[in-house]
Amino acid sequence: MSETRQTADDAQATTDSEPGGASPGTGQPLEVTSGETRERTREEWVEHEFEGEAKLSVSDLDVYYGDDHALKGVSMEIPENSVTALIGPSGCGKSTFLRCLNRMNDRIKAARIDGSVQLEGEEIYQEGVNLVELRKRVGMVFQSPNPFPKSIADNISYGPRKHGDLDTGLLANLLGRSDDDAVDELVEHSLRQAALWDEVQDRLDDNALGLSGGQQQRLCIARALATDPEVLLMDEPASALDPIATSKIEDLVHDLAEEYTVVIVTHNMQQAARISDQTAVFLTGGELVEYGDTDQVFEDPQSQRVEDYISGKFG
Amino acid sequence: MAGATESTLVSEDTTETEAVAAGAVGLAAVLFALSLAAMFELVTITDPVAGVPMVALLGGLLVLLGLAVIGFGVGSRLGYVATNPRPTAGLVASAAFALIWFVVGGLVASQTLGLGTAGWVVASLVTGGVGFAVSALPREDIGSTLPAGALAAFAGLVFLTGVIGPSWVWDLGWEQQASFNAEFTIPVLTGFCSLLVGWAAAKAYGGFGARGRHIGAYVLVYLNALSIIAVLFLLVAFTVLKGLPGLFNGFAFGAGAGPEVTLVGVTFSLPLSWPFVMNGVALLNDVNGVLPAIAGTIWLVIGAVLFAVPLGVGAAVFITEYADRGRFTQVVEIATNGLWSTPSIVFGLFGLAFLVPRLGNQKSLLAGMLTLGFMLLPLVVITSRESMLAVPDEYRDASAALGVTKWQTIRSIVLPAALPGIITGIILGVGRIAGETAPILLTMSGSVAPPGSQTVDVLGGFQFQSAPPFVTNPELMQATSALPYQLYSLITAGVGQSSNIGAIDEFRWATALILLVVVLGFYAVGIATRYYFRSKLQHE
C-alpha cells in the first residue's frame, strides 16, 4: 500500500490511526483482524435506497452469547422479492443475523437478543408471537444438507402435514377425506421449484439420505418451499457442494427471487456478486459495515475495510 | 547382518522362512482349538490319537512349536533370516514374561522339587528375573521368541515325561479338599502356551518390528475372539444336546395325534403332540411338561415390557428433550445407572414388601410383572436417552425451522430415529429379566411343578361385570410358575423327585433348553423389529 493511497483513504474514510482506539461515532472499541485498516463505520454506508416495500426491517439489533457481544446495533431493510447477500469473514455475525430473522436463535439458551425485527411492519420480537406461524412465513435452509431420514415425498410434505394443512393419517383415510392427491401435487410442485423433480420423480418413496449432497440440499430447499414461505433464509447453502451442484443452487436462488424474498449468507464473494441484488458486508466484531446495491458494494465500496476485504487483503 | 535391520519396500514372494513361521502360527491355532476341545471334554486327554495318547500329542506339539519359535529367533539374531527387529521387545512384554516365569519357577520349586517357602521364593525371583532379562535386554527377535518358546517347550516336556500326566492331581491341601486334576490343567496350560507361542510365531512371520507387532497383536485378538464365539457356541450346543431327549419325549406328529382343543366352538384334534410343552406335571401324565412355566415366563416378559417401556421412554423424552441439563438430569442419570446395577434380589424384596401386600396380599403374576418391570425400567431409560442424544441436532433445527412444534418433532423425527437404539435396550433388558429367578421366587412363585390346568390364561381371564371395577382378571392375581424358577427349584431342592417326573435329569435339561429357546425367541422378535425400523431410516 503506497503512502499516497493511504492518505487518500484517510481523507475518504477517516481511518482511525490509533490501534485499538474507540471510534467516536459509536463509542465502541473497534475489533479488527490483523491486516485490517482501522476506521469508523458510518451510518450512510449502511443506508440502501430501493423501490418498493421493505419485507424485513431490522433496527438496532444486538445479540449476545453470554458475555460475547456477537452483533452490534445492526439496522437494515430488506426489500421484497429480491436476493440479499450477507458476506463477511468467519465469526462476523452474519449467520447470527440470519438466525435472528426467524428467531432460530431462541433455540440457543445462551443467546440474548435486543432490538427490533419487523416482518411487513409486524414486530417479531414481542410477546405473543406465534413461532410456528413466523417460521412458516420465514423458512430456512441450513449450511449442511439435513434431510430427515424419511422418504423424499415425506420430507417435502412433512411441514404441511404437521401444520395440519394436509392430513394423510389413518383416520383421514378411513373417513375418506385424505389429502393424498394434494400431497402428490405439493411434492411435485415443490420439487419442480427446487429443480429436483426430473432427477427424483421415479424414486419419491426412497429414503432421502440416498441422494447426493447437492440433491439433498435442493431437497431441503424444496422442503422449505413446501410450507409456502414468504422469506427464505439460506445459511451458506452451497458451501458443502461441488461447483456443478453450486451453480444449480445459484440458478435456483435467482429464479426463487421472483416469488420469494431470499436472504443468503455466503463465504464466496463471487457467488454473492453473481446472484444478489443487494449485499450487506459484516466485518469482524459483529458490525454491519456496508449495505447497498451489489454492483456498488463490489465495484465502489465506500468503506476501506470493505474494499480490503473484497479485494482479499484480509479475511 | 546387513539386510537385517533394513526392510525392503516391496517384499518378494513368500520365503521359506515365512512359510515356516506361518505354519507355526497355524499349528498354534490348531493346538489352541485342541485345548479348547479338551477343556469342554469333546476329546479326552487319555484318548489315543493316531496311536499316541492325546496328552503326549499335545506335549510333542508344544515342544516342536517352542523349538521352532526359538530357532526362528536365534536364526534372525544370527542373520540367517532377514527381519526388521527393534532393539528390545518392550517393557510390557518383558513384564509379562517376568510374571509368567516367576510363577513357573515358584510352582516347580515348591510342588515338584518340594522346596520350602524360602526356596521357592528365591527360585521364583531367579526365574522371573531371568525371564525379564532375556526378554528385555536382547534384541526383539530373541527377546520375544526365547521366553515364549522355552515356556512351550518346557510345558511340552512336562507333559511328555509324565510329570503332569493323565492321573496327575494337585491337592491344594486346604480343608475343603480343593484340587486341580489333569483333565482341567493340561488343556489350560496347553491353551495358554499355544497363545503365547502363536503370538511369538506371528511376530516372527511379520519380521518383528512394527509389522511383526501388528501381526502378533492381530493373532492374539483373533484367537481370543474366536474362542469367545466357540465358548458361546459350545454352551448352546451343550444345552441343546442335553435337553433334546427330554424335550421330545413322547413327541408325535400326524393327524389326530395331539390333544383336543376347542376354538370358536369347533372342537378338533391338533395334528401334533408335544407333551413337554403341552402338559404340566400331574400324576396321570405319561410325559410331564412345563406348559404353565412357559406361559408364566412369556406373560411375565410381556407384562414387564408393557409396564416399563412407555414409562421409560417417556422419562427419557422428558430428561433429554425438555429438562434443562443440570443438577436434576445428573441426579436422574446417576439414579437410573444405580438402579440398573441394583441386585435383582433387592428388587424382589421390594416386590415382596411393597407390591405383594398391595396387590391382594398374595404372590401373583401381576406382582411379578411389576417387579420385573421396575428392573427393566432403568435400562430402558438409559438406552432411550443415549439413542435420543445420538439423534443429530440438525434434524431438530430443520424441523423447528419448518415451524413444527417441539412435541411433533419428538414424535415424528426424534423417536423414529431413536427407535432402533431403544429396541436394542429393550432386547438387552428382556434377556436379563426373562432369566431372573430371585424376584420371581419372592413375588409370584406358586407350586414348583404345577399341573397343566394351572396354566395362566391372561387373555381368557378377563371377566366383565356390571359393578365397579367392571373388569377383573383373576389370572393376573394368581401365583404361577416361571421357567427359571422351576429350573432352580428342580435343581437345588430336588423338588419334583417325589412327584412322578420320571427321568429328572432329562426334565431339568429340557427345561433349561426351553428357557433358552424362549429367551432367544424374544431376542429374535426384538432383532426383527429393530431391523424393520432401521431399514426405514436408511437408504437401500
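Keep in mind it's a predicted model, so treat the numbers as computed, not measured.

Asks: Which parts of the structure should I look at to understand the overall build of chain B?
Replies: If you tally the helices and strands in chain B, you get 17 helices and 10 strands. For a compact globule of 540 residues, the expected C-alpha radius of gyration is about 24 Å, and chain B comes in at 31 Å, more than 25% above that figure. With respect to the three principal axes, the spread of C-alpha positions in chain B is 100 × 70 × 55 Å. Relative to its 540 residues, chain B shows a buried fraction of 44%. Of the contacts formed within chain B by residues at least 6 apart in sequence, a portion of 72% connects residues at least 24 apart.

Asks: Sorry if this is basic, but what is going on with the pattern of salt bridges here?
Replies: Pairing is possible between side chains of opposite charge, provided their charged atoms come close. All chains considered together, the criterion is met by 22 salt bridges over all chains. Arg107(A) is the salt-bridge partner of Asp397(B), the closest N and O atoms lying 2.9 Å from each other. Of this pair, Asp397(B) sits in helix α13 (residues 393–401) while Arg107(A) sits in the loop between α2 (94–100) and β4 (111–119), on two different chains. Its relative accessible area of 37% is what places Arg107(A) among the partly exposed residues. Arg137(A) is the salt-bridge partner of Glu120(A), the closest N and O atoms lying 3.1 Å from each other. Of this pair, Glu120(A) sits in the loop between β4 and β5 (122–123) while Arg137(A) sits in helix α3 (residues 131–137), placing them 17 residues apart in sequence. By relative accessible area, Glu120(A) is classed as partly exposed at 43%. When salt bridges that share partners are traced, they join Lys55(A), Glu80(A), Glu120(A), Arg137(A) and Glu230(A) into one network.

Asks: Teacher, can you tell me more about the domain arrangement of chain B here?
Replies: You'll often see interface size given as the accessible area lost when the parts meet. Residue and element names in this part refer to chain B. We note that the domain assignment places domain 1 (2–6 + 15–88 + 138–171 + 179–242) and domain 2 (290–537) within chain B. Once you take the C-alpha centre of each, domain 1 and domain 2 turn out to be 45 Å apart. Contact with domain 1, which involves five residues of that partner, is made by four residues of domain 2. Where domain 1 abuts domain 2, roughly 470 Å² becomes buried across the two surfaces, and 84% of that area is made up of carbon and sulfur atoms. Area buried by domain 1 at its contact with domain 2 is led by Thr239, Val240 and Lys242, which between them contribute 79% of it. Across the domain 1-domain 2 interface, the total number found is zero salt bridges. Here domain 1 and domain 2 share zero residue pairs in polar contact (both at pLDDT 80 or more) between them. Residue composition of the side of domain 1 that touches domain 2, grouped by class: three nonpolar, one polar and one charged.

Asks: Would you mind going over the environment of Ser190(A) with me for this structure?
Replies: Among the secondary structure elements, Ser190(A) is positioned in helix α6 (residues 180–193). Once the C-alpha coordinates of Ser190(A) and Leu86(A) are considered, the two residues, 104 residues apart in sequence, prove to be 25 Å apart.

Asks: Just checking my understanding: could you explain the interface of chain B and chain A for this structure?
Replies: With 21 residues of chain B in contact, the opposing surface of chain A contributes 25 residues. At the boundary of chain B and chain A, one finds two salt bridges. Asp324(B) serves as the salt-bridge partner of Lys109(A), at 3.8 Å between the closest nitrogen and oxygen. Summed over the shared surface of chain B and chain A, the result is 10 residue pairs in polar contact (both at pLDDT 80 or more). Those elements that place two or more of their residues in the side of chain B that touches chain A are α13, α14 (406–434) and α17 (504–537) of chain B. With eight residues, the top contributor of residues to the side of chain B that touches chain A is α13(B). In terms of residue class, the side of chain B that touches chain A is made up of eight nonpolar, eight polar and five charged.

Asks: Is there a simple way to think about helix α12 (residues 365–389) of chain B in this case?
Replies: For the α-helix, the turn length of 3.6 residues means that residues three or four positions removed from each other point alike. Residue and element names in this part refer to chain B. Its 25 residues give α12 an end-to-end C-alpha distance of 35 Å, which sits within 8% of 36 Å, the value for a rise of 1.5 Å per residue. Of all the bends found along α12, the most pronounced is centred on leucine 376 and spans about 30 degrees, while proline 378, a proline, follows it within four residues. Counting buried residues in α12 gives 21 out of 25 residues, a clear majority hidden from the surface.

Asks: Would you take a moment to explain the environment of Leu516(B) for this structure?
Replies: Residue and element names in this part refer to chain B. The topology assignment puts leucine 516 in helix α17. Looking at leucine 516, the relative accessible area reads 26%, which means it is partly exposed. Considering only alpha carbons, one finds leucine 516 and alanine 323, 193 residues apart in sequence, at a separation of 40 Å. Not counting residues within four places of it along the chain, the set of residues in contact with leucine 516 comprises Val236 and Thr239.

Asks: Would you explain the packing of helix α3 (residues 91–112) of chain B against helix α4 (residues 117–136) of chain B in this entry?
Replies: Residues and elements named next belong to chain B. Running from N to C, α3 and α4 point in directions that differ by 150 degrees, and their axes come no closer than 7 Å. By the angle between their axes, α3 is roughly antiparallel relative to α4. By crossing handedness, the relation of α3 to α4 is classed as right-handed. Here Leu91, Ser94, Ala95, Phe97, Ala98, Trp101, Phe102, Gly105, Gly106, Ala109 and Ser110 of α3 lie close against α4, whose contacting residues are Trp120, Ala123, Ser124, Leu125, Thr127, Gly128, Gly131, Phe132, Ser135 and Ala136.

Asks: Any chance you could explain the sheet that holds strand β6 (residues 138–141) of chain A here in plain terms?
Replies: Backbone-to-backbone hydrogen bonds pair the strands of a sheet. The strands run either parallel or antiparallel. Residue and element names in this part refer to chain A. Across the sheet, which stays open at both edges, the six strands sit in the order β6-β7-β8-β3-β9-β10 with mixed pairing between neighbours. Whereas interior strands pair on both sides, the edge strands pair on one side only; in this sheet they are β6 and β10 (287–293). Averaged over all neighbouring strand pairs, the angle between strand axes comes to 15 degrees, with direction disregarded. Bridge count between strand β3 (residues 83–87) and strand β8 (residues 261–265): four bridges; the pairing is parallel. Across the sheet, the residue bridging to alanine 85 is isoleucine 264, located in β8. Sheet strands touched by helix α8 (residues 213–226): β6 and β7 (231–235). Its angle to β6, the strand with the most contacts, is close to 170 degrees. Taken strand by strand, helix α9 (residues 243–256) contacts β3, β7 and β8, and its axis lies near 145 degrees from that of β8.

Asks: Looking at this structure, how should I read the nonpolar core?
Replies: Proteins that are soluble and globular tend to have nonpolar side chains buried together. If you look at the biggest cluster of nonpolar residues, it comprises 100 residues, and the most contacted ones within it are Leu61(A), Leu86(A), Phe97(A), Leu101(A), Phe282(A) and Leu365(B). Per-element accounting of this core gives the leading share, 12 residues, to helix α9 (residues 291–322) of chain B. Sequence-distant contacts of Leu101(A), that is, excluding residues within four places in its chain, are made with Leu56(A), Val58(A), Ile78(A), Val117(A), Ile124(A), Val138(A), Leu233(A) and Val263(A). Formed by 47 residues, the second largest nonpolar core is a distinct cluster that contains Ile87(A), Ile152(A), Leu204(A) and Ile221(A).

Asks: Would you take a moment to explain a negative patch on the surface for this structure?
Replies: On the surface, a cluster of negative charge is contributed by Asp228(A), Asp251(A), Asp255(A), Glu258(A) and Glu259(A). Looking at the element boundaries, Asp255(A) is found in helix α9.

Asks: Any chance you could explain the side chain of Glu290(A) here in plain terms?
Replies: Residues and elements named next belong to chain A. Residue position: glutamate 290 is located in strand β10. No salt bridge is formed by the buried glutamate 290; its nearest oppositely charged neighbour, arginine 305, is found at 9.9 Å. One polar contact links glutamate 290 to glutamine 296, side chain to side chain, over a distance of 3.1 Å. Setting aside its immediate chain neighbours within four residues, glutamate 290 contacts Trp45, Val46, Thr279, Ala280, Val281, Gln296, Val297, Asp300, Pro301, Gln302, Ser303 and Val306.

Asks: Can you walk me through unusual backbone geometry in this structure?
Replies: What you tend to see is this: most non-glycine residues have negative phi, and most peptide bonds are trans. All names here are of chain A. One non-glycine residue, asparagine 81, lies in positive phi territory at about 45 degrees. Relative to the helices and strands, asparagine 81 is located in the loop between β2 (68–79) and β3. For arginine 103, which is not a glycine, the phi torsion comes out positive at approximately 60 degrees. By the element assignment, arginine 103 lies in the loop between α2 and β4.

Analysis parameters
Residues numbered from 1 in each chain as written. Chains lettered and ligands numbered in written order. Predicted model: local features only at pLDDT ≥ 70, side-chain atom pairs only at ≥ 80, totals over all residues. Heavy atoms only, no water. Helix = DSSP H or I, 4+ residues; strand = E, 2+ residues; numbered from the N terminus. Rg over C-alpha atoms; globule rule 2.2 N^0.38 Å. Buried < 20%, exposed > 50% of the residue type's maximum accessible area, 1.4 Å probe, protein only. Contact = heavy atoms within 4.5 Å. Salt bridge = Lys/Arg side-chain N within 4 Å of Asp/Glu carboxyl O. Domains from an automatic or database assignment. Buried area = accessible area lost by both parts, 1.4 Å probe. Polar contact = N/O pair within 3.5 Å; in protein donor to acceptor, adjacent residues only side chain to side chain. Nonpolar A, V, L, I, M, F, W, Y, C, P; charged D, E, K, R; others polar. Expected span 1.5 Å × (residues − 1). Bend = angle between axes of the 7 residues up to and from the residue. Axes fitted to C-alpha atoms, helices over the stretch in contact; angles between N-to-C directions. Parallel < 35°, antiparallel > 145°, perpendicular 65-115°, else oblique. Left-handed = near helix turned anticlockwise from the far one by under 90°. Pairing = 2+ DSSP bridges. Core = buried A, V, L, I, M, F, W, Y, C linked by side-chain atoms within 4.5 Å. Patch = residues over 30% accessible without salt bridge, like charges linked within 9 Å, V, L, I, M, F, W, Y side chains within 5 Å. Areas by Shrake-Rupley, 256 points an atom, 1.4 Å probe, with all protein chains shown as cover. Lys, Arg positive; Asp, Glu negative; His and termini not counted. Charge placed at Lys NZ, Arg CZ, Asp CG, Glu CD.

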